[in-house]
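Here are the chains, one letter per residue:
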Amino acid sequence: MDELGIIINQNGESMSFGKWKERELRNTDNPEDWHTDSFLTQVYSTPWFQSLGIPYDLTKEFQNQLDLFARYGCIVITNSRENSGNVGESRLVIASPNTITEEQIQALDEKRKDFIEFANGHYSFIDIFDVNEEYTILEEFYSIKDYYDYLDDLKKSKLNQTR
């Protein structure tokens, strides 16, 4: 994952932002190097994002509002790679709504191989949020593979409901 973040709306459409760099190569004056700054300059003011109706708080950091995206039905995926080589490093942080759509699952399926390779066995911090309750986590995963297992189970369940 080269970007710092990806947002997937309920229709499965996505927008990415930022460019991941090792911390020592990041420039404090380059908004593309930081989650909040790149989100604000590349996504926030777009008609696509504004149409989502997410009441994003400009006084808070992007990473502190991930649950808000999920509560409004969007999936947000952030690159949390530090490239330290240490055991226990995290690679992905994902906030997902419990009302995930088939289109969102399809968008994630298209990235399955890439995300699993990117995680490379490192931790992920993935929360499934209740869209009806403020900051209520219904499920949590620490592996991208476990999250994909969850999505596969959802697909099977939806398939069985349509039969």
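Residues numbered from 1 in each chain as written. Predicted model: local features only at pLDDT ≥ 70, side-chain atom pairs only at ≥ 80, totals over all residues. Heavy atoms only, no water.

A. Structural view of the packing of aromatic side chains. Scanning all chains against the criterion turns up 19 aromatic pairs. With a centroid separation of 6.4 Å and an interplanar angle of 25 degrees, the aromatic rings of Tyr123 and Phe125 are classed as stacked. Judged by relative accessible area, Tyr123 falls into the partly exposed class, the value being 44%. Note on Phe141 and Tyr150: the rings are 5.3 Å apart at their centroids and 50 degrees apart in plane angle, and the pair reads as tilted. We note that Phe141, like Tyr150, is buried. Here the aromatic residues Phe17, Phe39, Tyr44, Phe49, Tyr56, Phe62 and Phe69 are joined through ring pairs into a cluster of three or more. The ring of Trp20 has Arg81 sitting right over it, with the charged end atom 4.5 Å from the ring centre. The cationic tip of Arg91 hangs over the ring face of Phe118; the distance from NZ or CZ to the ring centre is 5.8 Å. (Phe/Tyr/Trp six-rings, centres within 6.5 Å; stacked < 30°, edge-to-face > 60°. Buried < 20%, exposed > 50% of the residue type's maximum accessible area, 1.4 Å probe, protein only. Lys NZ or Arg CZ within 6 Å of the ring centre and 35° of its normal.)

B. A look at the pattern of salt bridges. The full count for this structure, using the stated rule, is seven salt bridges. For the salt bridge of Asp109 with Arg112, the shortest nitrogen-to-oxygen distance reads 2.8 Å. For Arg112, a relative accessible area of 22% puts it in the partly exposed group. A salt bridge links Lys155 to Asp152; the nearest nitrogen and oxygen atoms lie 3.4 Å apart. Here Asp152 and Lys155 lie together in helix α6 (residues 144-161), a separation of three residues that amounts to about one turn. We classify Lys155 as partly exposed; its relative accessible area is 32%. Counted as one network, the salt bridges with shared partners bring together Asp109, Arg112, Asp152 and Lys155. (Salt bridge = Lys/Arg side-chain N within 4 Å of Asp/Glu carboxyl O. Helix = DSSP H or I, 4+ residues; strand = E, 2+ residues; numbered from the N terminus.)

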